[in-house]
Amino acid sequence: MSSFRVAVLISGTGTNLQALLDQLHSPGGPIEIVGVASSRAEAPGLGRAEAAGVESAVFPLTDHPERAERDAALGDWLDSLEVDLVVLAGFMELLTARVVERLPTINVHPALLPAFPGLDGIGDALRYGVRVTGVTVHLVDAGVDTGPVLLQEPVRVHYDDTQESLRERLRPVEHRLLVEAVLALADDRVGIQAQRVAIRSVEGA
Ligand code: GRF
């Protein structure tokens, strides 16, 4: 049986990448992380790819006059790896349609979309004063944090939460939902009709 080949795109620490490496990745196995790309050369997550022996590459916007050109280079790299799925795991930039329309792409976001999209979902939720926020894993389309929702889970906001304390409670939920979403896609258990998604549970579970 051939592997389900996953590329992970990061910009930062890469704890979500680590969860995928620890819980799903096996070279030549059912799910293989075949590449990690970063938008920043200094992203600490790149070290996690290296430690796991996974190929990595850096695609900084500063190397290209236009985002479309950077995304074309990134798209060519993904093609060369024969990727089945792209996971945005803290990739803090928009991608042009060139990438997201050619390959199934998912994103993990630290809020209950469509509430608090964008770069600061945690800070925006705190400033608004919501009592409940959470985590969303969704399919990526050409919009900003739009696209059909695969999985969501609420997390309570405490009165004395800071961005750091709330992030600490969101993180393990992100890791769990992201792993669950990749497994469901690899097993072909995801059905999508327009914006609505149904995920079949594992038989017997
Ligand atoms: C996560 O909060 C994710 O939801 C957001 O960026 C953060 C990445 O964290 N899109 P990490 O680099 O995986 O630790």
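For the structure itself, look to the data block above.
Residues numbered from 1 in each chain as written. Predicted model: local features only at pLDDT ≥ 70, side-chain atom pairs only at ≥ 80, totals over all residues. Heavy atoms only, no water.

Another point: the side chain of threonine 105. By secondary structure assignment, the location of threonine 105 is in strand 5 (residues 105-109). Separated by 2.9 Å, the side chain of threonine 105 and the backbone oxygen of leucine 103 make a polar contact. Setting aside residues up to four positions removed in sequence, threonine 105 forms contacts with Leu85, Val86, Leu88, Val99, Val100, His138, Leu139 and Val140. (Helix = DSSP H or I, 4+ residues; strand = E, 2+ residues; numbered from the N terminus. Polar contact = N/O pair within 3.5 Å; in protein donor to acceptor, adjacent residues only side chain to side chain. Contact = heavy atoms within 4.5 Å.)

Attention shifts here to the site of the ligand. Taken together, Thr13, Gly14, Thr15, Asn16, Gly90, Val108, His109, Pro110, Arg171 and Glu174 form the complete shell of residues around the ligand. In the model, an oxygen atom of the ligand is placed 2.6 Å from a nitrogen or oxygen of the threonine 15 side chain. Here a nitrogen atom of the ligand sits 3.1 Å away from a polar atom, N or O, in the main chain of valine 108. The protein chains hide 91% of the 370 Å² of surface that the ligand would expose on its own. Given that more than half its atoms are within 2 Å of the pocket grid, the ligand belongs to the largest pocket. Breaking the shell around the ligand down by element, the ones donating at least two residues are helix 1 (15-23), strand 5 and helix 6 (163-186). The residue inventory of the shell around the ligand, partitioned by class, reads two nonpolar, six polar and two charged. (Near = heavy atom within 4 Å. Areas by Shrake-Rupley, 256 points an atom, 1.4 Å probe, with all protein chains shown as cover. 1 Å grid on protein atoms, 1.4 Å probe; cavity = no way out; pocket = protein on both sides within 12 Å on 5 of 7 lines; lining within 4 Å. Sits in = over half its atoms within 2 Å of the grid points. Nonpolar A, V, L, I, M, F, W, Y, C, P; charged D, E, K, R; others polar.)

Let's shift gears to helix 6. The end-to-end C-alpha distance of helix 6 is 33 Å, a good match for the 34 Å that 24 residues give at a rise of 1.5 Å each. The sharpest bend along helix 6 reaches about 30° and sits at leucine 170, with the proline proline 172 one to four residues further on. In the stretch just after helix 6, aspartate 188 is the one whose phi turns positive, near 60°. (Expected span 1.5 Å × (residues − 1). Bend = angle between axes of the 7 residues up to and from the residue.)

Moving on, we get to unusual backbone geometry. A cis amide bond, omega 15°, links leucine 113 with the succeeding residue proline 114. Of note, glutamate 82 is a non-glycine position whose phi angle comes to about 50°, a positive value. The phi dihedral of alanine 194 falls on the positive side, at around 55°, and the residue is not glycine. Residue alanine 194 is classed as exposed on the basis of its relative accessible area of 73%. (Buried < 20%, exposed > 50% of the residue type's maximum accessible area, 1.4 Å probe, protein only.)

Turning to the side chain of serine 11, a few remarks are in order. Relative to the helices and strands, serine 11 is located in the loop between strand 1 (4-10) and helix 1. Setting aside anything within four residues of it in sequence, one finds serine 11 in contact with Ser38, Ser39, Arg40, Ala43, Gly90, Phe91 and Met92.

Where helix 1 meets helix 6, the closest approach of the two axes is 9 Å, and the angle between their N-to-C directions is 50°. Regarding the angle of helix 1 to helix 6, the classification is oblique. Considering how the two elements wind past one another, helix 1 and helix 6 form a crossing that is right-handed. Along the contact surface, helix 1 presents Thr15, Asn16, Ala19, Leu20 and Gln23, while helix 6 presents Arg171, Glu174, His175, Leu178, Val179 and Val182. Grouping the amino acids of the contact of helix 1 with helix 6 by side-chain chemistry returns five nonpolar, four polar and two charged. (Axes fitted to C-alpha atoms, helices over the stretch in contact; angles between N-to-C directions. Parallel < 35°, antiparallel > 145°, perpendicular 65-115°, else oblique. Left-handed = near helix turned anticlockwise from the far one by under 90°.)

Keep in mind these numbers describe shape, not what the thing actually does.
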